[in-house]
Amino acid sequence: LLLITYEGLTGGRGATFTKQIANYLDKSEGIKVIDPDSVPCIWEKFVHDKWYTNNGDESTATSISFQERADDRPLTQDQIRVVSRMLQGLEERFRRDDKQFSTIMNSYMNIL
């Protein structure tokens, strides 16, 4: 089992997590993965490069991080309550089986 969080994938250690995903996929039959040394470069390009905010018009390209693009989608209080209950249920269900998963769910609940 490979657990990768959104924050881990898009944050400061994202290139490392992306390399873990590539290594995990490389062990699967029928999946070809690029050279592992190239993975961090591709991650940097995707996460930190210019993001076209106006239908691909290069003249309006701005440098917006992957995380910043996610921050402009706020949740309502009802949605936050539903997400909180879901996270709590998942944490309770899997806390004995997977400590890492439990820790991730608790960190998300603390953010809410």
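Everything below is about the structure printed above this text.
Residues numbered from 1 in each chain as written. Predicted model: local features only at pLDDT ≥ 70, side-chain atom pairs only at ≥ 80, totals over all residues. Heavy atoms only, no water.

(A) Region of the structure containing a nonpolar patch on the surface. A surface patch of nonpolar side chains, about 250 Å² in accessible area, is lined by Y24, L25 and I31. By the element assignment, I31 lies in the loop between α2 (14-26) and α3 (39-48). (Patch = residues over 30% accessible without salt bridge, like charges linked within 9 Å, V, L, I, M, F, W, Y side chains within 5 Å. Areas by Shrake-Rupley, 256 points an atom, 1.4 Å probe, with all protein chains shown as cover. Salt bridge = Lys/Arg side-chain N within 4 Å of Asp/Glu carboxyl O. Helix = DSSP H or I, 4+ residues; strand = E, 2+ residues; numbered from the N terminus.)

(B) View of α3. Regarding α3, the residues found buried are V39, W43 and V47. When α3 is viewed along its axis, its buried side chains cluster within an angular range of 50 degrees and face the same direction. Among the exposed residues of α3, those oriented more than 90 degrees off its buried face are C41 and K45. (Buried < 20%, exposed > 50% of the residue type's maximum accessible area, 1.4 Å probe, protein only. Arc of directions from axis to C-beta.)

(C) Quick look at α2. End to end, α2 covers 18 Å across 13 residues, agreeing with the expected 18 Å (1.5 Å per residue, within 8%). Buried residues belonging to α2 abut α1 (6-10) and α3. (Expected span 1.5 Å × (residues − 1). Contact = heavy atoms within 4.5 Å.)

(D) Spatial organisation of the packing of α2 against α3. Running from N to C, α2 and α3 cross one another at 125 degrees; their axes reach a closest spacing of 9 Å. If you check the angle between α2 and α3, you find them oblique. Crossing hand, α2 versus α3: right-handed. For the pair formed by α2 and α3, the contact residues are G14, A15, T18, K19 and A22 on the first element and V39, P40 and W43 on the second. For the contact of α2 with α3, the per-class residue count stands at 5 nonpolar, 2 polar and 1 charged. (Axes fitted to C-alpha atoms, helices over the stretch in contact; angles between N-to-C directions. Parallel < 35°, antiparallel > 145°, perpendicular 65-115°, else oblique. Left-handed = near helix turned anticlockwise from the far one by under 90°. Nonpolar A, V, L, I, M, F, W, Y, C, P; charged D, E, K, R; others polar.)

(E) How the structure looks around the nonpolar core. L3, L87, F101, I104, M105, Y108 and M109 together form the largest nonpolar core, which totals 7 residues. The biggest single contributor to this core is helix α6 (residues 99-111), with 5 residues. Beyond its immediate chain neighbours, meaning those up to four positions away, L3 contacts D98, Q100, F101 and I104. (Core = buried A, V, L, I, M, F, W, Y, C linked by side-chain atoms within 4.5 Å.)

(F) Spotlight on the pattern of salt bridges. What the rule picks out here adds up to 3 salt bridges. When the shortest N-O distance is used, the salt bridge between D37 and K19 registers 3.9 Å. Of this pair, D37 sits in the loop between α2 and α3 while K19 sits in helix α2, and the two are 18 residues apart along the sequence. Across the pair E91 and R95 runs a salt bridge whose closest N-O atoms are separated by 2.6 Å. Accessibility expressed as a relative area gives 6% for E91, which makes it buried. Note on R95: relative accessible area 43%, which makes it partly exposed.

(G) Representation of the packing of aromatic side chains within the structure. As enumerated under the stated definition, the model contains 1 aromatic pair in all. Considering the side-chain rings of F94 and F101, the 5.4 Å spacing of their centres and the 80 degrees angle between planes classify their relative orientation as edge-to-face. You can call F94 partly exposed: its relative accessible area is 27%. (Phe/Tyr/Trp six-rings, centres within 6.5 Å; stacked < 30°, edge-to-face > 60°.)

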